[in-house]
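# Overview (structure and organization)
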Amino acid sequence: MRDPDGLIARAGVRGDPDRDQHFLVDDRVLDRLPTYLEAIDADTSQLLEIGGGTGALTDRLLAAGDEVTVVERDRDLAEFLREEFADEIAAGELTVIEGDALAVDLPDFTASVSNLPYGVSSEIAFRLFPEKKPLVLMFQQEFAERMVAEPGTSEYGRLSVSSQHYADVELVESIPKEAFDPQPAVQSAVVRAVPREPDYTVADEDFFLRFVKAVFTQRRKTVRNAIRNTAHISGLGEPDAVVEAADEELLRKRPDAMAPAEFAALAGLAWDVGEPET
């Protein structure tokens, strides 16, 4: 495997915290990341990496999969990856896409392993989740804990419900700041997401996610008040009709006490009687 510090030296770059550039340089962590796919027997024939940096993780993914596509928005780093991995590109094992992962067309992929830029990690994650492929993604520790949180905990919120709507999510490893160059201000964590169908149905997925977002903006209120106070976010034309039709016991709860299936049932009712915008 290529040495992470050697890659940085050959690239002639320094990480820039202001641009969300924190290069993962701990060999042990880098070596472990692909194994989180192996543990679930995931298809590694077409791996996707978001934010290739200087290629330390890219190198490990090439050893773990048949083909790798890396998306890198920094022009200089993308050019370095093309030079450093010229043989792998020539052999058809690696494709480098220069551009913003939120804007480029993503290729077909069977799984993704990525050290995400923290400033846009949520947006990228929720671009990947609907693809319903196994994901091993690195986030800030606090963000990761919110993704996997259970109802009734202080970390549970919109992010928990939305993530768990798409997949079984598990925090598999915490990563110290010292594993990066330059060191970020916070600890990081790796989340593995295994796609599965939820044990409930939703009439309209976009509305369901918008409804969850709206209600959690008033997480300290009862669900009754949250529905009434957030129609401008959820797009409900008749929030009072939803309140009148909903179960009284559910309306007395706070949002952070509701399981994803309860949100789905309430969102379904809101879709039927609340005259939402479409």
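Keep in mind that what you see is a predicted model, and the values were worked out from it rather than measured.

The rules we used
Residues numbered from 1 in each chain as written. Predicted model: local features only at pLDDT ≥ 70, side-chain atom pairs only at ≥ 80, totals over all residues. Heavy atoms only, no water. Pairing = 2+ DSSP bridges. Helix = DSSP H or I, 4+ residues; strand = E, 2+ residues; numbered from the N terminus. Axes fitted to C-alpha atoms, helices over the stretch in contact; angles between N-to-C directions. Contact = heavy atoms within 4.5 Å. UniProt positions renumbered as here; feature names shortened; annotations may be inferred.

This part covers the sheet that holds strand β9 (residues 188-195). In space, the seven strands of this open sheet follow the order β4-β3-β2-β5-β6-β9-β7, with mixed pairing throughout. One side of each edge strand has no neighbouring strand; the edge strands of this open sheet are β4 (94-98) and β7 (167-175). Each neighbouring strand pair of the sheet contributes to a mean axis angle of 20 degrees, computed without reference to strand direction. Relative to β9, strand β6 (residues 135-140) runs antiparallel, the two sharing six bridges. Opposite Val136, over in β9, you have Arg192 as the bridge partner. Contacts from helix α4 (residues 56-64) reach β2 (46-50), β3 (67-72), β4 and β5 (111-115) within the one sheet, and its direction differs from that of β2 by about 170 degrees. The strands that helix α5 (residues 75-84) touches are β3 and β4; relative to β4, the one it contacts most, it runs at about 165 degrees.

This part is about the UniProt feature "binding site: S-adenosyl-L-methionine" (unreviewed entry) in the chain. Per the UniProt record, "binding site: S-adenosyl-L-methionine" (unreviewed entry) is annotated on His22, Leu24, Gly51, Glu72, Asp100 and Asn115. Following the sequence through the fold, Leu24 ends up in strand β1 (residues 23-24). Not counting chain neighbours up to four residues away, the residues in contact with Leu24 comprise Pro4, Val29, Leu30, Leu33, Ala56, Asn115, Met138, Ala179 and Phe180. Note on placement: Glu72 falls in strand β3. Those residues in contact with Glu72 that lie beyond four places of it in its chain are Gly51, Gly52, Gly53, Leu77, Ala78, Leu81, Ile97, Glu98 and Gly99.

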